[in-house]
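Topology and contacts: notes
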Amino acid sequence: MSKRFDVAVVGATGAVGNEMLKVLHQRRFPVGKVYALASSRSAGEVVDFGDDELIVGDLAEFDFSQVQIGLFSPGASVSAEYAPKAAAAGCVVVDNTSQFRYDDDVPLIIPEVNPHAVAGYTRRNIVANPNCSTIQMLVALKPIYDAVGIERMNIATYQSVSGTGKDAIEELASTSARALSGQPFESKVYPKQIAFNCLPHIDAFQANGYTKEEMKMVWETHKIFEDDAILVNPTAVRVPVFYGHSEALHIETRDKITAERARELLATAPGITVMDERTDGGYPTAATEGAHHDAVFVGRIREDISHPRGLDLWVVSDNIRKGAALNSVQIAELLAEHHL
């Protein structure tokens, strides 16, 4: 690709923004000039971009007509204010927050799953990045959905604290250390102790008893697969892991598929690494495979003994990387190669 693109990374001092800069450099995205942006509190800080350093600029003062692509991960309220301004200035925004995901005129994209839908960016100059838990789930399920259809999905997630942010990472580290040494500690980020514990609560509770994190997986599955008939039943759990989300997927397919055939389909699908040996350690985990890697890892592939068309999968991926930064850059790559 000979054409080069000037890019703004909004929320550059956060965990995802930092990773976006790293992924842009590692994947050799055809950047011209890169602008690191954040709030006025962070303006003047320095962030890394490969071997170079970028001085963080003030988002409120930035002229988005200078760039063709904006990678946003500053929080939904900030995106709500600045993404439309950037889009009006001619910048195509790839937004990693929840702000635009459920807008009918904003495409919600996983490049391995529905790349065709990115063409809809022209309606508002905004493309939404899905929730991290949805991304790894649908990357894993796409080849099976295409082959035999999916009628119903039961999901239990085991999500790392990095999905909450830097304060949560620090809380897990500090409370774990204090618990191990027998010292008292207080939980501030989470409503209950996260160290050596599991919390069946991610995001706000909804009127139907599900949390918003769980409903995101329902809404986003329907939008991305363009299939509202799929029944989706999630339980989202926060676990004391720093990086990498894990999911136990129990699906009921429209037509019967064997575990062997599912394994074959997954092994040749983009973005997936199958690790499915029925031996001790022959499966992926968040800490040993998921964290700091690009792939969605799939293991424990087996036919459900309780349902004639049931299939069980264990899915692991890095929520900051594939679940946010990498998926955003892959969307930018789609735009750069086919649309801009």
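Residues numbered from 1 in each chain as written. Predicted model: local features only at pLDDT ≥ 70, side-chain atom pairs only at ≥ 80, totals over all residues. Heavy atoms only, no water.

**Let's talk about helix 2 (residues 76-88)**
For helix 2, built from 13 residues, the straight-helix expectation of 18 Å at 1.5 Å per residue is met to within 8% by its first-to-last C-alpha distance of 18 Å. When the local axis directions of helix 2 are compared, the greatest deviation, roughly 30°, occurs at Tyr 82, which is followed within four positions by the proline Pro 84. Taken together, the buried positions of helix 2 are occupied by Ser 79, Tyr 82, Ala 83, Ala 86 and Ala 87. The inward-facing, buried residues of helix 2 contact strand 6 (69-72), strand 7 (92-95) and strand 8 (126-128). Phi for Gly 90, located one or two positions after helix 2, is positive at around 100°. (Helix = DSSP H or I, 4+ residues; strand = E, 2+ residues; numbered from the N terminus. Expected span 1.5 Å × (residues − 1). Bend = angle between axes of the 7 residues up to and from the residue. Buried < 20%, exposed > 50% of the residue type's maximum accessible area, 1.4 Å probe, protein only. Contact = heavy atoms within 4.5 Å.)

**Some thoughts on the nonpolar core**
One broad trend across soluble globular proteins is that nonpolar side chains are buried collectively. The biggest cluster of nonpolar side chains holds 56 residues, and the ones touching the most others in it are Phe 64, Leu 141, Met 153, Val 298 and Leu 313. Examining the composition of this core, we find that nine residues originate from one element, helix 3 (residues 132-148), more than from any other. With sequence-adjacent residues up to four places away left out, Leu 313 is seen in contact with Leu 141, Ile 144, Glu 247, Ala 248, Leu 249, Leu 266, Val 298, Gly 299, Arg 300 and Ile 301. One finds Val 23, Val 56, Ala 117 and Ile 320 within the second-largest nonpolar core, a separate group that totals 37 residues. (Core = buried A, V, L, I, M, F, W, Y, C linked by side-chain atoms within 4.5 Å.)

**Some details on the sheet that holds strand 12 (residues 272-274)**
One open sheet accounts for six strands, arranged 10-9-11-14-13-12; its pairing is mixed. Unpaired on one side and paired on the other, strand 10 (231-238) and strand 12 mark the two borders of the sheet. Strand-to-strand twist in this sheet, taken as the mean axis angle between neighbours without regard to direction, amounts to 20°. Relative to strand 11 (residues 245-253), strand 9 (residues 150-159) runs antiparallel, the two sharing eight bridges. Bridge pairing links Tyr 158 to Ser 246 in strand 11. (Pairing = 2+ DSSP bridges. Axes fitted to C-alpha atoms, helices over the stretch in contact; angles between N-to-C directions.)

**Quick notes on the pattern of salt bridges**
If you walk through the whole model with that rule in mind, you get 19 salt bridges. The closest approach of N and O atoms between Glu 252 and Arg 152, which form a salt bridge, is 3.6 Å. Here Glu 252, found in strand 11, pairs with Arg 152, found in strand 9; they are 100 residues apart in sequence, far enough to count as distant. On the basis of relative accessibility, which here comes to 30%, the residue Arg 152 falls in the partly exposed class. Residue Asp 203 is joined to Lys 216 by a salt bridge in which the shortest nitrogen-to-oxygen separation is 3.3 Å. One end of the pair, Asp 203, is in the loop between helix 4 (166-180) and helix 5 (212-225); the other, Lys 216, is in helix 5, and 13 residues separate them in sequence. Owing to a relative accessible area of 36%, Asp 203 belongs among the partly exposed residues under this scheme. Where salt bridges share partners, they join Glu 19, Lys 22, Asp 294 and Arg 321 into one cluster. (Salt bridge = Lys/Arg side-chain N within 4 Å of Asp/Glu carboxyl O.)

**Overview of the sheet that holds strand 7**
Spatial strand order, 5-2-1-6-7-8: six strands in an open sheet with parallel pairing. Lying at the two open borders of the sheet, with one neighbouring strand each, are strand 5 (57-58) and strand 8. Pairing between strand 6 and strand 7: four bridges, direction parallel. Among the inter-strand pairings, Ile 69 is bridged to a residue of strand 7, identified as Val 92. Most of the contacts of helix 1 (residues 15-26) go to strand 1 (residues 5-10), to which it runs at about 155°, and overall it touches strand 1, strand 2 (31-38) and strand 6.

Read these as layout, nothing more, since geometry by itself doesn't imply function.
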